Each structure stands twice: as structure tokens, then as C-alpha cells.
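Residue-level structural notes
Each chain, letter by letter, is given below.
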Amino acid sequence: MSAVLASGLATASESAQFFAAQLQFRTDAADLAADLIAAEARIVVIDTRSTAAYQAGHIPGAVSVPHRTMTAESTANWDRQQVYVCYCDGIGCNGSTWGAYKLAKLGFQVKELIGGLRYWQQDGYAVATGDAAGVLMANTIDCEC
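A few points on the structure. Only a predicted model underlies this, so the values are computations on that prediction, with no experimental measurement involved. (Residues numbered from 1 in each chain as written. Predicted model: local features only at pLDDT ≥ 70, side-chain atom pairs only at ≥ 80, totals over all residues. Heavy atoms only, no water.)

1. With respect to the overall build of the chain
- Looking only at helices and strands, the chain has 5 helices and 5 strands in total.
- Starting at the N terminus and walking to the C terminus, you meet the elements of the chain as α-β-α-β-α-β-β-α-β-α.
- With the principal axes as the frame, the chain shows a C-alpha extent of 55 × 40 × 25 Å.
- For the chain, buried positions account for 34% of its 145 residues.
- When contacts within the chain are restricted to residue pairs at least 6 apart in sequence, those whose partners lie at least 24 apart make up 71%.
- Accessible area for the chain stands at about 8,600 Å²; split by element, carbon and sulfur atoms hold 55% of it.
- One finds the centroid of the 9 positive side-chain charges in the chain at a distance of 10 Å from the centroid of its 14 negative side-chain charges. (Helix = DSSP H or I, 4+ residues; strand = E, 2+ residues; numbered from the N terminus. Buried < 20%, exposed > 50% of the residue type's maximum accessible area, 1.4 Å probe, protein only. Contact = heavy atoms within 4.5 Å. Areas by Shrake-Rupley, 256 points an atom, 1.4 Å probe, with all protein chains shown as cover. Lys, Arg positive; Asp, Glu negative; His and termini not counted. Charge placed at Lys NZ, Arg CZ, Asp CG, Glu CD.)

2. Considerations on unusual backbone geometry
- In the Ramachandran plot, Ala39 falls in the positive-phi region, its phi being about 55 degrees despite a non-glycine side chain.
- Tracing the backbone through its elements, the reader meets Ala39 in the loop between helix 2 (29–37) and strand 2 (43–47).
- When its relative accessible area of 59% is taken as the criterion, Ala39 is described as exposed.

3. Considering the pattern of salt bridges
- Under the criterion given, the structure shown has 2 salt bridges.
- In this structure, Arg49 and Asp47 form a salt bridge, with 2.8 Å as the shortest nitrogen-oxygen distance. For the residue pair Arg49 and Asp47, the accessibility class agrees, reading buried in each case.
- One salt bridge in this structure joins Arg49 and Asp89, with 3.1 Å as the shortest N-O distance. With Arg49 in the loop between strand 2 and helix 3 (51–56) and Asp89 in the loop between strand 4 (83–87) and helix 4 (95–105), the pair connects residues that are 40 residues apart, well separated along the chain.
- In this structure Asp89 comes out as partly exposed when scored by relative accessible area, which is 41%. (Salt bridge = Lys/Arg side-chain N within 4 Å of Asp/Glu carboxyl O.)

All quantities given are derived from atomic positions and should not be read as evidence of function.
What follows is the structure, given as C-alpha cells:
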């Protein structure tokens, strides 16, 4: 018996629905980089890690908003027409999940970056350091994703 098939198999239609839902909730480094380079106005990148972690290295253009500081009061002036893409260190960190959850509960449109900063760097994208958000330039990409 096949170990892959032992748990059952979804229909093609069920699979399409499942994967479409996944794409509604998450994005990857290549798609985010494309939007940052194109200066997509609706995308706001949120680094949900500590301020110190942000200063040590972050996605260019990201804003530092540690997930523990996200409240109705701290986000009261945020634009609800924007799409907020949350990220943290990576697969072993749930800061981006907490950030996306909190923002969604507050009524914001959100997505989570798959693999966080680790996958961003693994795919060859540049990072910014210090307090300045920075800007992602097309010539800083080493990835052919």
C-alpha cells in the first residue's frame, strides 16, 4: 500500500479550493520582492520581530511593529485599504502568525510571508539594517525564482 495515499486523496476540485485558500493567506519572497520593486502602493510590509532584530537586518521597506505592541490603539491610524504582509525570522518563529492574527482581528487585510526573513535571504534578496526602512532595488536580487 502506498504511504502517500494511505491518508486518502482529495478530488481535483477540493485540492484547487484548498490551494486557492492557502494563496489568500500567504505569499512568498519572490512575489513580495516583485511588489516592492514595483512600488505596489497597497502593500505594507510589517516586521513583527523585536526592534533590535529589525535593526540587525530587515526586508527593505518593512516597518518595525513588534507583534506584542499591536493593539487597537497602536493601529488606530493605519489605512484599512492597505494589505499588511507580516513576517518574522522564519519557519521556527510564530511572530508573523501572531501579527497577522492580531491585525486580522482588528479588521485589517493581511498575508503572512512564507519562511520569513530566513527564506527571504535564502532566496538571495537584500536586507537593510538600522532604523531606516530602506528600499528594495531590482539590482539587489540574486534570485531567479
